[in-house]
Amino acid sequence: ESRRIRKISEPILHRFIVGMILGVVLFPVRITLATLFFLLMWPVARLRLAGLSAAERAEPVRGWRWWLFHHIMLFLSRAVFFSVGFLWIRVKGRQAGLKEAPVLVVAPHSGFLDMLVLYATGLPIVVSRAENCRLPVIGALLEFNQSLIVSRKDPQSRKKCVSQICERVTSDARWPQMLMFPEGTTTNGRALIKFKPGAFLAGVPVQPVLLHYPGEPDTVRWTWKGQTWLGALWHTTSQIHTSVTVEFLPIYTPSHDEKQSPELYAENVQKLMAKALCVPATDYVMEGRSPVKKLGNLSLPLEPPAQETLRLLREHGLTSAHVEAVMNHVIDSCHSGQSSMVTADHLAALLGLKDRKMAVKICSLYSKDDTVDLRQICVSVSAASGFRSLESLIHTAFTWYDADQDGLLSADDLSGLMGALVGVPQYSITEMYTALTARGRPTEASLQDLLMTHPVYRRVCTEYLHSSGSADGNHNGIPNRKSD
């Protein structure tokens, strides 16, 4: 056994040492060169639209402004990624012409280094967050690209962006191709998460584009768990070279039904791309900083906090019997009227943890600070572990969250109860509350019936709460941050 462990650890140690040595040499040189070429982009970007009025800037750039500055920017873009370590960019397949496919959809989206696909596709137009316009150099590059800018917090901005996308991709080749990452966030590439419908709203043909990073180790991907963007940059520049393949799939022309339903169109393209990548197509989406699965209006996290809590407690040596005893004690204390909000120190004492950091980590699974609502931990952990029957837990949670103690749930009461059951806050509960009240008065019996028999919400119990796949890390996609 020890010989086998040595055989595994020695190549890892060797790779680590070589990586550190190369990093010390290559990182400063490559970052300096990449920064130099990146800064040279700024005056080129500004010159392209210099002297044009606002009305002229709203039209596609033509003539000498296009061919002169476009080719300079292409050269500088390639120079940046060459400097970082992408010495060769392999292209597989043929990029469709503008009239054949006005939109390029790219997946999987692995990190900021995916921007090299802009060079490989001829600098098509992109959609970007309004906040990026204020960033040095980036703002100028977005202006050069004549990008569509959207403020995610402003509904009117989103509505305007949708209108502009449809206008440009149906302009009969007046505007250049558009490139979009339909996942809208970065993932580890082991699955495709649900595609957003933006690229498919106009119902025009699209060309799927796949990004492959075949090298080992994988240094490019930047996800919500794992290395930071700086770590990804360090490890990538520490390689002699980083391999990448841009693969153009055949043009996808939507059917009549897909033109009428952008969601169906997006789903079918996602499945096609997932099949080509040999990975699953999932229905997870991003909500805040966490990947969730939508079930009705409920948001079910990829990694349930309760499953992660149980894993941490097991690692710390706590037995199931001990955890069950603590949960029962918490239920009794909450029934007695004691405050359910506790600090990490109180939680550590309650669970018998010697390491306060473990308690802080558990708190972070449920809240943004070092305090936590014990009701959330108790209900979600008991549901995930099976310490108590679901009927018993619903009775307990109903008693806690029935604010008026009148035996009837309000929408806010249901929001708190379901948040405790699945372990994360539930802000959009309207659809579920409507389904509950459609069964009569929103009593405990009605809620029990809804969670046992409703075709959608019974899946919370039958599939989500009893699933252990997330607890041991055997999930496929790990999304993180919002795409630029």
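Calculation notes
- Residues numbered from 1 in each chain as written.
- Predicted model: local features only at pLDDT ≥ 70, side-chain atom pairs only at ≥ 80, totals over all residues.
- Heavy atoms only, no water.
- UniProt positions renumbered as here; feature names shortened; annotations may be inferred.
- Helix = DSSP H or I, 4+ residues; strand = E, 2+ residues; numbered from the N terminus.
- Buried < 20%, exposed > 50% of the residue type's maximum accessible area, 1.4 Å probe, protein only.
- Contact = heavy atoms within 4.5 Å.
- Areas by Shrake-Rupley, 256 points an atom, 1.4 Å probe, with all protein chains shown as cover.
- Pairing = 2+ DSSP bridges.
- Salt bridge = Lys/Arg side-chain N within 4 Å of Asp/Glu carboxyl O.
- Axes fitted to C-alpha atoms, helices over the stretch in contact; angles between N-to-C directions.
- Parallel < 35°, antiparallel > 145°, perpendicular 65-115°, else oblique.
- Polar contact = N/O pair within 3.5 Å; in protein donor to acceptor, adjacent residues only side chain to side chain.
- Core = buried A, V, L, I, M, F, W, Y, C linked by side-chain atoms within 4.5 Å.
- Phe/Tyr/Trp six-rings, centres within 6.5 Å; stacked < 30°, edge-to-face > 60°.
- Lys NZ or Arg CZ within 6 Å of the ring centre and 35° of its normal.

Naming follows an unreviewed UniProt entry, where the protein chain appears as Lysophosphatidylcholine acyltransferase 4 of Cyprinus carpio. Check the Sequence similarities (unreviewed entry) section of the UniProt entry for the protein chain; it says "Belongs to the 1-acyl-sn-glycerol-3-phosphate acyltransferase family." Here is the UniProt Subcellular location (unreviewed entry) comment for the protein chain, exactly as written: "Membrane".

S.K.: Describe the overall build of the protein chain, and please don't skip the residues or the numbers.
M.R.: When its secondary structure is counted, the protein chain shows 19 helices and 12 strands. Here the protein chain, with 484 residues, has 48% of them falling under the buried criterion. Here the analysis covers contacts within the protein chain between residues at least 6 apart in sequence; of these, 71% occur between residues at least 24 apart. Accessible surface for the protein chain amounts to roughly 23600 Å². Of this, 58% is attributable to carbon and sulfur atoms.

S.K.: Any details on the pairing of strand β7 (residues 245-248)? Residues and values, ideally.
M.R.: In β7, alternate side chains face the same way, and those of Thr 245 and Glu 247 on one face and Val 246 and Phe 248 on the other are all buried. The pairing of strand β1 (residues 90-92) with β7 spans three bridges and is parallel. By the bridge assignment for β7, Lys 92 is matched with Glu 247. Pairing analysis gives four bridges linking strand β6 (residues 206-212) to β7, with the strands arranged antiparallel. Bridge pairing links Leu 210 to Glu 247 in β7.

S.K.: Tell me what's going on with the pairing of β6, and back it up with residues and numbers.
M.R.: Within β6, six of the seven residues are buried, leaving the element largely enclosed by the surrounding structure. Relative to β6, strand β2 (residues 103-107) runs parallel, the two being bridged by five bridges. Residue pairing in the sheet places Leu 104 in a bridge with Gln 207 of β6.

S.K.: I'd like to hear about the pattern of salt bridges, residue by residue, with values.
M.R.: Using the criterion set out here, one finds 12 salt bridges in the structure. Residue Glu 247 pairs with Lys 92 through a salt bridge whose shortest N-O separation is 4.0 Å. With Glu 247 in strand β7 and Lys 92 in strand β1, this pair connects stretches of sequence that are 155 residues apart. On the accessibility criterion, Glu 247 (15% relative accessible area) is buried. The salt bridge involving Arg 311 is made with Glu 315; its shortest N-O contact spans 2.4 Å. Remark: Glu 315 and Arg 311 occur in helix α10 (residues 305-315); sequence separation between them is four residues, near one turn of the helix. According to the relative accessible area criterion, Arg 311 is partly exposed, its value standing at 22%. Residue class for Glu 315 comes out exposed when judged on its relative accessible area of 55%. Sharing partners across several salt bridges, the network here consists of Arg 46, Arg 57 and Glu 143.

S.K.: Give a description of the packing of helix α14 (residues 374-385) against helix α16 (residues 411-422) that names residues and reports values.
M.R.: α16 packs onto α14 with a crossing angle of 55° between their chain directions and a minimal axis gap of 6 Å. As the angle between them shows, α14 and α16 are arranged oblique. Together, Arg 375, Gln 376, Val 379, Ser 380 and Ala 383 of α14 and Gly 419, Ala 420, Leu 421 and Val 422 of α16 make up the contact between the two elements.

S.K.: Could you give an account of the sheet that holds β1, with specific residues and numbers?
M.R.: Reading across from one edge, β1-β7-β6-β2-β5 is the order of the five strands in this open sheet, with mixed pairing throughout. Looking along the sheet, the strands with just one partner apiece sit at the ends: β1 and β5 (178-180). The mean angle between the axes of side-by-side strands here comes to 20°, regardless of whether they run parallel or antiparallel. In terms of strand pairing, β2 meets β5 through three bridges, oriented parallel. Paired with Val 103 across the bridge in β5 is Met 178. Taken strand by strand, helix α9 (residues 262-277) contacts β2 and β6, and its axis lies near 35° from that of β6.

S.K.: Residues and numbers for the side chain of Ser 340, please.
M.R.: If you trace the backbone, Ser 340 turns up in the loop between α11 (320-335) and β11 (341-343). Here Arg 375 takes part through its side chain, which lies 3.5 Å from a polar atom of the side chain of Ser 340. Contacts of Ser 340, omitting those with residues within four sequence positions, involve Cys 334, Val 372, Asp 373, Leu 374 and Arg 375.

S.K.: So what's going on with the nonpolar core? Which residues, and what values?
M.R.: Of all hydrophobic cores here, the largest spans 61 residues; its most connected members are Leu 347, Ile 362, Met 418, Met 432 and Leu 447. In terms of nonpolar packing, the next biggest core, distinct from the first, is built from 36 residues, Ile 89, Val 117, Ala 140 and Val 209 among them.

S.K.: Tell me what's going on with the packing of aromatic side chains, and back it up with residues and numbers.
M.R.: Using the criterion set out here, one finds seven aromatic pairs in the structure. Measuring from ring centre to ring centre gives 5.1 Å for Phe 27 and Trp 234, while their planes differ by 50°; the resulting arrangement is tilted. A residue pair is termed long-range when its members are at least 10 positions apart, and Phe 27 in helix α1 (residues 2-48) and Trp 234 in helix α7 (residues 229-237) qualify at 207 residues. An aromatic cluster of at least three residues, connected via ring pairs, comprises Phe 195, Phe 200, Tyr 252 and Tyr 265. The cationic tip of Arg 48 hangs over the ring face of Phe 144; the distance from NZ or CZ to the ring centre is 4.1 Å. Taking the ring centre of Tyr 401 as reference, the NZ or CZ of Arg 375 above it sits at 4.3 Å.

S.K.: Pulling in residues and values, what's your account of the environment of Leu 408?
M.R.: Take Leu 408: it is sitting in the loop between α15 (390-401) and α16. Residue class for Leu 408 comes out partly exposed when judged on its relative accessible area of 22%. For the pair Leu 408 and Phe 398, spaced 10 residues apart in sequence, the C-alpha to C-alpha distance is 8.9 Å. Contact partners of Leu 408, with chain neighbours within four places excluded, come to Phe 398, Asp 402, Asp 413, Arg 441, Pro 442 and Thr 443.

S.K.: Help me get a handle on the UniProt feature "transmembrane region" (unreviewed entry) in the protein chain, residues and values and all.
M.R.: The positions UniProt marks with the feature "transmembrane region" (unreviewed entry) are residues 12-44, 64-89 and 101-127. Secondary structure across residues 64-89 comprises 81% helix and 0% strand; the distance between its end C-alpha atoms is 28 Å. Strand forms 22% of residues 101-127 and helix 19%; the C-alpha atoms that close the span are 17 Å apart.

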